[in-house]
Amino acid sequence: MFVCSLLSGTDAPVDLAIVFEANGTTWEKVKNMIKKVINATVPWPITHIAMVTTAQTSQTLLSFNQLSDSWDKTNQVLKIIDGFQPEMRPGNLSKALKKAKKIFKESNGARKDAIKVKR
C-alpha cells in the first residue's frame with residue numbers, strides 16, 4: 001500500500017487512491033494501516049478517496065464519487081474496509097495498478113481540478 005501525507009491547512013482538492021494488498025494472511029495489518037490513514041489524514045470534503053485491491057480479480061471497493069452525498073464519509077469508508085473479505089491467495093499488483101489508473105478518469109468521479117495522488 002502506498003501512503004502519502006497530505007498537507008494540513010490546504011484547501012486544494014485531492015483525489016487519493018489507495019491500492020492495497022488483499023491477501024488473507026496480511027489483511028489485519030493492512031486494514032489497520034488503511035484505517036489509521038483515513039482517521040488521521042483525510043480532510044473532508046476536500047479529499048475524495050478511491051480504494052482498489054490487489055485481489056486476483058482486482059476489485060474497486062470505492063470510487064471517488066461513490067460517497068459524494070454522504071455526510072459521514074469517514075464511518076462509511078471504515079465500514080467498507082471492515083466489510084471486505086480478502087482472498088487467501090496472492091493478488092495481482094499490475095492489474096490493480098491498471099485499474100487504479102482508470103479510476104482517475106472523470107467518469108469514475110475524479111475531479112478535473114484535484115491533485116491526483118497515485119504514487
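Residues numbered from 1 in each chain as written. Predicted model: local features only at pLDDT ≥ 70, side-chain atom pairs only at ≥ 80, totals over all residues. Heavy atoms only, no water.

## Considerations on a positive patch on the surface
Residues K95, K98, K99, K102 and K105 make up a contiguous surface patch of positive charge. Mapped onto the elements, K105 comes out in the loop between α3 (93-103) and β4 (115-117). (Patch = residues over 30% accessible without salt bridge, like charges linked within 9 Å, V, L, I, M, F, W, Y side chains within 5 Å. Areas by Shrake-Rupley, 256 points an atom, 1.4 Å probe, with all protein chains shown as cover. Salt bridge = Lys/Arg side-chain N within 4 Å of Asp/Glu carboxyl O. Lys, Arg positive; Asp, Glu negative; His and termini not counted. Charge placed at Lys NZ, Arg CZ, Asp CG, Glu CD. Helix = DSSP H or I, 4+ residues; strand = E, 2+ residues; numbered from the N terminus.)

## Some thoughts on the environment of R111
Locating R111 in the fold gives a position in the loop between α3 and β4. Sequence-wise, R111 and D15 are 96 residues apart; in three dimensions their C-alpha atoms are separated by 7.3 Å. In contact with R111, other than residues within four places in its own chain, are P13, V14, D15, P45, I46, T47, H48 and K116. (Contact = heavy atoms within 4.5 Å.)

## Considerations on the confidence of the model for the protein
Detailed reading of predicted coordinates is not advised where the pLDDT is low. Summarising the model, the protein shows a mean pLDDT of 78, and 82% of its residues fall at 70 or more. When mean pLDDT is compared element by element in the protein, helix α2 (residues 73-83) scores highest at 89, while β4 scores lowest at 72. Segment residues 1-8: pLDDT under 50, and 15 contacts once partners within four positions in sequence are set aside and those in other chains are kept. (pLDDT = per-residue confidence, 0-100.)

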